[in-house]
Structure formats: C-alpha cells, structure tokens
Amino acid sequence: MSIKIDESWQRLLSKEFKSEYFKTLISFVKEDYGSTVCYPKGSQIFNAFDSCPINNLKVVLIGQDPYHGANQANGLCFSVNKGINHPPSLINIFKEIKTDLGHEFKEKNGDLSSWAKQGVMLLNATLTVREGQAGSHQNRGWEVFTNKVIEIISKETNNTVFLLWGSFAKKKRKLIDTSKHKIFESGHPSPLSANRGYWFGNKHFSETNKYLESIGKNKIDWSL
C-alpha cells in the first residue's frame, strides 16, 4: 500500500508518524487493506493533505468517515469520484450552494478536488473504511491523528475558516483557537438533519467568501 503525504504536512506531523499509536494504526490499516476491500485506495488515504498544503489553507471542512461504497471515496470528505452518483449529503450541499450562490451542478460530477486546490481542506476524522461497513476503522487511532491535525492548523495558521456541520464536527470546536479563526456551524447536510431544517439556509459558502475577502484573501469558487 503506497502512502504519500505533502511535504509541508510531513514536517508538521513527523512526531505523530513516529508515535506508537500511529504505528499500530498503520499496521491495522495495512492488514485490513491486504485482507479485505477498503476505501479510499491506498494512494489517496492522505489526499486531503496532498491536495491542500498548509501554506495554501483557507478553509477546513470536517467530515466523519469515507464513503464505503464501491468507487465512491477519493480521500476528500463529502467528495466522490467523477461518474459516481451524488450521495444524499452531497446532493444537499449542492442544493444549498445553488440557493446561496446560484451554481448548478452536473449529476455525475461530485469530485471536490477543485475546492481542495483552492485551499479547502476536506478532512475526514477517520481516513479509511472497510467496504460496506460504515465506521469500521473508527477508534483505531485515526481520530487521535486528525484531532492533532486540527490543533496544528489552529496553532500554525491565522484566520482559517472552520466549517463544522453536525454534532460530531461541532465537538472539534474545543481544538480550535476561536480568537484567531472563524467558525461557522450548522446541522449536517444528511437528509435526516437537513429535512428537519438544520442545514438549508446556512449560507456558509457565501459567508465563507465574505470573510475571506474581508481579510484580503481570494474567495473560493464553489462551482465545479
């Protein structure tokens, strides 16, 4: 299983990579990838990092688990490979962007890598999953690692926007220095939450751009 990670993150996370919990985690991941079908493919496990070096970082979007269906996950939270139908949460994200900013989205393109290249880190709390088994790689060490990532971002950057959607993501607030970063919170875009009125109308996409422009940064083009 080939694993690569952007050099800027390699330097900041070198202590984590040498830790015992991380060695145990990677041993488990390699074993599971070797004996079962897991997602995303090995070369994309750290795609959120490779696609968004820390010096390019503007926005952090926190997800929970990779998609566990065939050919869906590509290492970026909420994102799916081109040609794959949009999962329910992504459908609702696109609906909100259309209402908020007027962008239309193609049915078979849910690849959010263009967001990542503009400085949106699409970070799942757990970076791997077994096929057809949601949450199967939780509580193995990934959450410890990604919590550290959030702490490092909070410490090493300024004026970063954190998008916390749903109760799981909102718990990450305690890892963020709110005196120097901007946090937007809402319900999760999943149908269960969105249809109860906790997601639609949050305007997080336009509000993020307003904030970025207010501090002299280029706004994100949320279209694909």
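Report on the accompanying structure. All chains use their own residue numbering, which begins from 1 and follows the written sequence. Restriction of local features to residues with pLDDT of at least 70 applies here, the model being predicted, together with a cutoff of 80 or more for giving and counting side-chain atom pairs; totals for whole chains, interfaces and linings are based on all residues. To obtain the side-chain values, all non-hydrogen atoms of the structure were included, while hydrogens and water were left out.

### Considering the nonpolar core
Most often, soluble globular proteins have nonpolar side chains that are buried together. By nonpolar core is meant a set of buried Ala, Val, Leu, Ile, Met, Phe, Trp, Tyr and Cys residues that side-chain atoms within 4.5 Å join together. Working definition: with a 1.4 Å probe on protein chains only, accessible area under 20% of the residue-type maximum means buried, over 50% means exposed, and in between means partly exposed. Counting residues in hydrophobic clusters, the biggest one holds 68 residues, and the most contacted among them are Trp9, Phe49, Ile93, Trp115, Met121, Trp142 and Phe145. A contact between two residues is defined here by any heavy atoms of the two lying within 4.5 Å. Ignoring sequence-local partners within four residues, the contact set of Trp9 consists of Phe49, Cys52, Pro53, Ile54, Met121, Val149 and Ile153.

### Thoughts on the layout of surface pockets
The method is simple in principle: a probe with the dimensions of a water molecule rolls over the atoms, and the space it marks as empty is what remains. There is about 440 Å³ of room inside the largest pocket. Around the largest pocket, the lining is made up of 29 residues, and of these Gln64, Asp65, Tyr67, Phe78 and His188 lie nearest the centre. The helix and strand labels rest on DSSP assignments: H or I over at least four residues marks a helix, E over at least two residues marks a strand, and numbering proceeds from the N terminus. Of all the secondary structure elements, the ones that give two or more residues to the lining of the largest pocket are β2 (59-63), α5 (88-101) and α8 (166-170). Residue contributions to the lining of the largest pocket peak at 4 residues, all from α8. Grouping the constituent residues of the lining of the largest pocket by class yields 13 nonpolar, 15 polar and 1 charged. Using protein atoms alone on a 1 Å grid, points that fit a 1.4 Å probe yet trap it form a cavity, whereas open point sets bounded by protein on both sides within 12 Å along at least five of seven lines form a pocket; residues with an atom within 4 Å of a point count as lining. Grid points are joined across faces, edges and corners, and a volume is the space filled by probe spheres set on the points. Think of it as three bins: nonpolar holds Ala, Val, Leu, Ile, Met, Phe, Trp, Tyr, Cys and Pro, charged holds Asp, Glu, Lys and Arg, and polar takes everything else, Gly as well.

### Considering helix α3 (residues 20-35)
A helix is expected to span 1.5 Å multiplied by its residue count minus one. When the terminal C-alpha atoms of α3 are compared, their 23 Å separation across 16 residues agrees well with the 22 Å that a helix rising 1.5 Å per residue should span. Within α3, burial applies to Phe22, Leu25, Ile26, Phe28, Val29, Asp32 and Tyr33. The buried residues of α3 occupy one face: seen down the axis, they fall within an arc of 160°. When the buried face of α3 is taken as reference, the exposed residues oriented beyond 90 degrees from it are Glu20, Thr24, Glu31, Gly34 and Ser35. This arc is taken over the directions from the axis of the helix to the C-beta atoms.

### Points about the pattern of salt bridges
Any carboxyl oxygen of Asp or Glu that lies within 4 Å of a side-chain nitrogen of Lys or Arg is treated as forming a salt bridge with it. Considering all chains together, one arrives at 6 salt bridges under this definition. The residue Lys148 makes a salt bridge to Glu151 at a minimum N-O spacing of 3.9 Å. Highlighted residues: Lys148 and Glu151, both in helix α7 (residues 142-156), separated by 3 residues, approximately one helical turn. Judged by its relative accessible area of 34%, Glu151 falls in the partly exposed class.

### Considering empty space enclosed by the protein
Counting across every chain of the model gives 1 cavity of 30 Å³ or more. Put simply, the largest cavity is a space of about 30 Å³. Lining the largest cavity, in full, are Pro40, Ile45, Pro66, Gly75, Asn124, Thr126 and Leu127. Broken down by class, the residue content of the lining of the largest cavity amounts to 4 nonpolar, 3 polar and no charged.

Nothing here speaks to function; it is all geometry.
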